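The residues making up each chain are set out below.
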Amino acid sequence: MIRGIVMQTIKILCLGDIVGPQATEHLSMHLWSYRKANGISFVVANGENADEGNGISMPTAEKLLSRGVDVITSGNHIWKKNSVYSFLDDSSYIIRPVNYPGACPGKGYTIVDADGRRALVINVMGTAFMEALACPFESVERVLDKCRGEYDISILDIHAEATSEKLAIAHYFDGRINIIFGTHTHVPTADAKVLPKGSGYITDLGMCGVQDGILGVEPDIIINKMKTKMPARFTLKAGKPVACGAVYEFDTVGGKVLSVDRVEF
């Protein structure tokens, strides 16, 4: 208690794009111990690149969920592995961007338990330099309207290319969604902060994978592709993976994010 104010906080870890089997195995080995050592109550991770060749399969999703990830979000590579389609329909713990057409497998949000509290997790994809999906602002707004009164904590993964679009979405929902973060570009940004109306935000969490390649891929492949404009088969960079993300400390009494800190392990 501080000057008569009761505070009860929980820590939520959000992890950037998991890139390849090496990163999946790294989290499988280290995530539970990291959670325990740092008092993490809930983990959201973007898993759309968790398998070789992009996408995420049902076995990989199940592995991540059994090794410390509570909810898997995704993005434009979610459709690469057919085995995940039925899992998207059947599981409350893996979601795809909400602004894909309703006929697509799965849904773009879920409400699950987070240390005794109801956590609404939403996944949306940007439309700048990406697929021409439904408006991300309107799509998220509809979820908030539909779920009003049904959750205690709200979390939004903005899977987008343009930093300006991520910032615009974040400021639009500032004070209405507690935890907001960007994924997709695989490079962590240095702007972790609490926005003016109380939402915790970072433009991009970075990635979970080998950091000295180019977005997780062998540099020579990307360089040659950029120089020649020819198609290329991507090979993941070999080496020691690192998990990148951010920890949000959330005041469950006041309903505000107190701090956002970038982390690596």
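The structure we're discussing is the one just above.
No experiment lies behind these values; they were computed from the predicted model shown. (Residues numbered from 1 in each chain as written. Predicted model: local features only at pLDDT ≥ 70, side-chain atom pairs only at ≥ 80, totals over all residues. Heavy atoms only, no water.)

Novice: Explanation requested: the overall build of the chain in the structure shown.
Specialist: Helix and strand content of the chain: 6 helices and 14 strands. Here the chain has a C-alpha radius of gyration of 18 Å; the compact-globule value for 265 residues is 18 Å, and the two agree. Taken along its principal axes, the extent of the C-alpha atoms in the chain is 65 × 40 × 35 Å. Looking at the 265 residues of the chain, the share that counts as buried comes to 53%. The long-range fraction of contacts in the chain, counting pairs at least 24 apart against all pairs at least 6 apart in sequence, stands at 64%. With 27 positive and 30 negative side-chain charges, the chain shows a spacing of 1 Å between the two charge centroids. (Helix = DSSP H or I, 4+ residues; strand = E, 2+ residues; numbered from the N terminus. Rg over C-alpha atoms; globule rule 2.2 N^0.38 Å. Buried < 20%, exposed > 50% of the residue type's maximum accessible area, 1.4 Å probe, protein only. Contact = heavy atoms within 4.5 Å. Lys, Arg positive; Asp, Glu negative; His and termini not counted. Charge placed at Lys NZ, Arg CZ, Asp CG, Glu CD.)

Novice: What am I meant to see in the sheet that holds strand β1 (residues 9-15) here?
Specialist: Hydrogen bonding along the main chain pairs the strands of a sheet, whether they run parallel or antiparallel. Ordered by their spatial adjacency, 5 strands build an open sheet running β4-β3-β1-β13-β14, and the pairing between neighbours is mixed. Pairing within the sheet leaves two strands with one partner each, and these edge strands are β4 (71-73) and β14 (256-264). Pairwise comparison of adjacent strand axes, ignoring direction, gives a mean angle of 20° for this sheet. Bridge count for β1 against strand β3 (residues 40-46) is 5 bridges, and the pairing is parallel. (Pairing = 2+ DSSP bridges. Axes fitted to C-alpha atoms, helices over the stretch in contact; angles between N-to-C directions.)

Novice: Would you take a moment to explain the environment of Phe181 for this structure?
Specialist: Tracing the backbone through its elements, the reader meets Phe181 in strand β8 (residues 179-183). Take Phe181: its relative accessible area is 1%, and that puts it in the buried class. Separated by 106 residues in the primary sequence, Phe181 and Gly75 place their C-alpha atoms 13 Å from one another. Once residues within four sequence positions are removed from consideration, Phe181 is found in contact with Cys14, Val44, Ile155, Leu156, Asp157, Ile158, Ile202, Leu205 and Tyr248.

Novice: Hey, could you run me through the pattern of salt bridges in this one?
Specialist: Considering all chains together, one arrives at 9 salt bridges under this definition. Where Arg117 meets Asp115, a salt bridge forms, and the shortest distance between an N and an O atom there is 3.9 Å. Residue Arg117 is classed as buried on the basis of its relative accessible area, which comes to 15%. For Asp115, a relative accessible area of 46% gives the class partly exposed. (Salt bridge = Lys/Arg side-chain N within 4 Å of Asp/Glu carboxyl O.)

Novice: I would appreciate a short explanation of unusual backbone geometry in the present structure.
Specialist: For residues other than glycine, phi is negative in most cases, and the peptide bonds are mostly trans. Not every positive phi belongs to a glycine, and His184 is a case in point at roughly 105°. Looking at where His184 falls in the secondary structure, it is placed in the loop between β8 and β9 (193-194). In the Ramachandran plot, Lys229 falls in the positive-phi region, its phi being about 65° despite a non-glycine side chain. Within the fold, Lys229 resides in the loop between α6 (219-228) and β12 (241-242).

Novice: Looking at this model, I keep getting lost on the packing of helix α4 (residues 136-146) against helix α5 (residues 163-172). Mind explaining?
Specialist: Two quantities define a packed helix pair, namely the angle between the axes and the distance from one axis to the other. Viewed as axis vectors pointing N to C, α4 and α5 meet at an angle of 35°, and their least axial separation amounts to 11 Å. Crossing hand, α4 versus α5: right-handed. Taken together, the residues of α5 that come into contact with α4 (itself represented by Pro136, Phe137 and Glu141) are Glu165, Ala168, Ile169 and Tyr172. Partitioning the contact of α4 with α5 into residue classes produces 5 nonpolar, no polar and 2 charged. (Left-handed = near helix turned anticlockwise from the far one by under 90°. Nonpolar A, V, L, I, M, F, W, Y, C, P; charged D, E, K, R; others polar.)

Novice: Where do I start with the environment of Val247 in this structure?
Specialist: Relative to the elements of secondary structure, Val247 occurs in strand β13 (residues 244-251). Sequence separation between Val247 and Arg262 is 15 residues; the distance between their C-alpha atoms is 6.4 Å. Setting aside its immediate chain neighbours within four residues, Val247 contacts Lys11, Ile12, Leu13, Tyr34, Ile40, Ser259, Val260, Asp261 and Val263.

Novice: Just checking my understanding: could you explain the nonpolar core for this structure?
Specialist: Within soluble globular proteins, side chains that are nonpolar tend to cluster in buried spots. Judged by nonpolar contacts, the single largest core of 26 residues is most densely connected at Leu13, Leu15 and Ile56. When residues in this core are grouped by element, the largest group, 4 residues, is from helix α1 (residues 20-38). Leave out the neighbours within four places in its chain, and Leu13 touches Leu31, Tyr34, Ile40, Phe42, Val43, Val44, Ala246, Val247, Val263 and Phe265. (Core = buried A, V, L, I, M, F, W, Y, C linked by side-chain atoms within 4.5 Å.)

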